[in-house]
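# Commentary on secondary and tertiary structure
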Amino acid sequence: MTAPTVGRRERKKAATRQKIADTALRLFLERGYDEVGIRDVATEADVAVTTLFSHFASKEALVFEQEENFEQRLTRAVTDRSADEPLIPALRREIQAMVRHCASEDAAPIWRMINQSPALREYEESMRLRYAQSLATAIAADLDPTPTTTACRALARFVIDAYSLGRAADDPPATVDEIFRMIEAAWEVARPT
């Protein structure tokens, strides 16, 4: 069976979205996040402000354009793992990959900008809460017997926090491993048997 092809309209929408995001990030890094307005981004990207808002709900969302993949990657780490792979190692592997990406030299200026902006830090925190809820839902749906809601939510929050702490650490891989040793020990106590 062949995969469905993406139509011209969808390709154009995706290209416009990417152009807006790339333009916004370039402007934010050149001038500073607080110095660039939505109209500046729209003008530079050669789109109407309404077009920008049809792709992004807020100015903050422009910075976190790639973060949609974060949520999907985490839930897929749970749902797409092999039947013989335990949950915690699958999540550790995905968080390690994400932290490696965020700790790269290319990502450093973006994270400095985020860390310097209260609005971006607040937006990131709200995203982390949403991701934790999605991850908790995936964990509950995937495991049999189903852990308690509290256990699923706590595990998801710990995993999301492992990413945040690892990303900001001097030695990200070691930090993530240390945190996941604690997560694994806690999960052994909390998971249903």
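Structural notes, computed from the coordinates. (Residues numbered from 1 in each chain as written. Predicted model: local features only at pLDDT ≥ 70, side-chain atom pairs only at ≥ 80, totals over all residues. Heavy atoms only, no water.)

## Remarks on the side chain of Arg81
Here Arg81 is to be found in the loop between helix H5 (68–79) and helix H6 (87–102). At 2.9 Å, the side chain of Arg81 and the backbone oxygen of Glu85 are in polar contact. Setting aside anything within four residues of it in sequence, one finds Arg81 in contact with Arg76, Pro86, Leu87, Ala90, Asp142 and Leu143. (Helix = DSSP H or I, 4+ residues; strand = E, 2+ residues; numbered from the N terminus. Polar contact = N/O pair within 3.5 Å; in protein donor to acceptor, adjacent residues only side chain to side chain. Contact = heavy atoms within 4.5 Å.)

## A word on the environment of Ala21
One can find Ala21 in helix H1 (residues 8–31). A residue is classified by how much of its surface remains accessible, and Ala21, at 5% relative accessible area, is buried. When the C-alpha atoms of Ala21 and Ala45 are compared, they prove to be 8.8 Å apart, with 24 residues separating the residues in sequence. Excluding anything up to four places from it in sequence, Ala21 contacts Phe56 and Glu65. (Buried < 20%, exposed > 50% of the residue type's maximum accessible area, 1.4 Å probe, protein only.)

## What to know about H1
The terminal C-alpha atoms of H1, which comprises 24 residues, lie 34 Å apart, in line with the 34 Å expected from a rise of 1.5 Å per residue. Of the positions making up H1, those classed as buried are Arg17, Ile20, Ala21, Thr23, Ala24, Leu27 and Phe28. One or two positions beyond H1, positive phi appears at Gly32, with a value near 105°. (Expected span 1.5 Å × (residues − 1).)

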